[in-house]
2 protein chains.
Amino acid sequence: MTDTFVSNPSFFKLDATLKRIRNYWQKTFDAHKKDITVDQWLLIENLYKHKKITHNELAKVTSKDITTVSRIIELLVKKELVVREGSPHDRRKVFLQLTAKGSEKYKDVRPLVLEMRKTGWTGLTESDYSELTRILDVIYNNIP
Amino acid sequence: MTDTFVSNPSFFKLDATLKRIRNYWQKTFDAHKKDITVDQWLLIENLYKHKKITHNELAKVTSKDITTVSRIIELLVKKELVVREGSPHDRRKVFLQLTAKGSEKYKDVRPLVLEMRKTGWTGLTESDYSELTRILDVIYNNIP
DNA sequence: TTTTTTTAGTTGCTAAAGCAACTATTGCTA
DNA sequence: TAGCAATAGTTGCTTTAGCAACTAAAAAAA
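Nothing here was measured: the structure is a model prediction, and the numbers come from that model.

Quick rundown of the relation of the copies chain B and chain A? Include the residues and the values.
For these two chains of identical sequence, chain B goes onto chain A by a turn of 180° and a shift of 0.0 Å along the axis, with RMSD 0.0 Å. Within this description, the copies of the chain are treated as partners about a two-fold rotation axis. Taking C-alpha positions as reference, the residue of chain B nearest the rotation axis is Leu132 of chain B, located at 3.1 Å. Both copies contact each other with a shared surface, as 100% of the interface residues of chain B are interface residues in chain A too.

Could you give an account of the sheet that holds strand 1 (residues 53-54) of chain A, naming the residues involved and the relevant values?
All names here are of chain A. Spatially, the three strands line up as an open sheet ordered 1-3-2, and their pairing is antiparallel. The strands lining the two open edges of the sheet, one partner per strand, are strand 1 and strand 2 (82-86). Note that strand 1 and strand 3 (residues 94-98) share two bridges and pair antiparallel. Bridge pairing links Ile53 to Leu96 in strand 3. Packing of helix 3 (residues 38-50) onto the sheet brings it into contact with strand 1, strand 2 and strand 3, and relative to strand 3 it is tilted by some 100°.

Tell me about the protein's contact with DNA strand C, and please be specific about residues and values.
Close to DNA strand C lie 29 residues; Ser70, Arg71 and Arg84 of chain A together with Thr37 and Thr68 of chain B are nearest. Expressed as a percentage, the sugar and phosphate content of the atoms of DNA strand C within 4 Å of the protein is 69%. His55 of chain A places a side-chain nitrogen or oxygen 3.3 Å from a phosphate oxygen of DNA strand C. Residue Thr67 of chain B places a side-chain N or O atom 3.1 Å away from a base nitrogen belonging to DNA strand C.

I'd like a description of the nonpolar core, backed by residues and values.
With 76 residues, the main nonpolar core has Trp25, Phe29 and Trp41 of chain A together with Trp25, Phe29 and Trp41 of chain B as its most contacted residues. With residues near it in sequence (within four places) discarded, Phe29 of chain B still touches Lys34, Ile36, Thr37, Val38, Trp41, Val109, Leu112, Val113 and Met116 of chain B.

What counts, and where the lines are drawn
All residue numbers refer to positions counted from 1 along the written sequence of the respective chain. Note on labels: chains are lettered from A, ligands numbered from 1, in written order. Owing to the predicted nature of the model, reporting of local features is limited to residues with pLDDT of at least 70; listing and counting of side-chain atom pairs is limited to 80 or more, with chain, interface and lining totals taken over all residues. For side-chain calculations, the full set of non-hydrogen atoms in the structure is used, while hydrogens and water are omitted. In this comparison the copies share one frame, found by least squares on the C-alpha atoms of residues holding pLDDT of at least 70 in both. Whether two residues are in contact is decided by their heavy atoms: any pair within 4.5 Å suffices. A pair of strands is treated as paired once DSSP finds two or more bridges between them. A run of H or I in DSSP counts as a helix once it spans at least four residues, and a run of E counts as a strand once it spans at least two, with each numbered from the N terminus. A fitted line through C-alpha atoms serves as each axis, taken over the contacting stretch for helices, and the angle formed by two N-to-C directions is quoted from 0 to 180°. Being near a molecule or strand, for a residue, comes down to having at least one heavy atom within 4 Å of it. Definition of a polar contact: a pair of N or O atoms within 3.5 Å, with one able to donate and the other able to accept a hydrogen when the atoms are protein atoms, and with sequence-neighbouring residues admitted only if both atoms are side-chain atoms. Among the buried residues, those of types Ala, Val, Leu, Ile, Met, Phe, Trp, Tyr and Cys that are joined through side-chain atoms within 4.5 Å form a nonpolar core. Only protein chains enter the accessibility calculation, which uses a 1.4 Å probe; a residue whose area is less than 20% of its type maximum is buried, one above 50% is exposed, and one in between is partly exposed.

Here it is in structure tokens:
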């Protein structure tokens, strides 16, 4: 790998792309008055998928810091989209679950998300997707 | 493009990878007592490259919000790495420049950054790099 | 059983992202 | 030339990121 190659700012390109996607998602949510942020959506999506899960587990599957999860969940509880329920067996643990309102929010927002993902992938093939996944995975695992 | 494909959370993978890189960079900066954040570094890198530039231009080349740039620059000014200098021709404009200390910081940190980039790319080829760049560019330009 | 360590979660702090509203110029136009 | 629009930046606000320090409970070790 050449020096000019290494000096190439791929970090920057990742960052710029992600910011652009995030921005687009947020603007779309806002335009449709979904009253939700992108990261709040990510948590809702995972809560829908996992049904019952702790802060810690949710942090792992979303690649978020547990403190960040804790605070986003607080906002979702305030919006009555999520309930916290202490575990009877282990009183340190708190299980998180979507409320009925939370499930409805998921079903309400999901079509928008699918549409946006489709938009992002326009002109790309499934093999492009595999390539991207492969390369990002390698980079991810290269980091000590 | 199939539905399962579209539903695949590539956004999440981008986010996770970027967070991991950012985290690694920050920890490395801290371990070497560079007293700098990743985004502060990005601005310094661009100030070194462009020599004399306004907030607005710096925001464009770094894909950052101008308010964000404004505040990061404030921190860099406090650290005496950057000076603001009003334009005599247009009193709205403020030119930004690295101080001598700022240039030194750049030269001091740059080897670390090159090393980390190399680490991230271990096991990948230049064609992987082109692929990643191409795919990210397509996605970026797909976003309305 | 008592002490120590580990685990789950919260709170305080600083940094960065981005929108809205604001000031101060400069440029355009009627 | 006077009035209005556009441009450059800053400040206030809410959200997310992540480290450090903390509480409380459970698990492991003495």
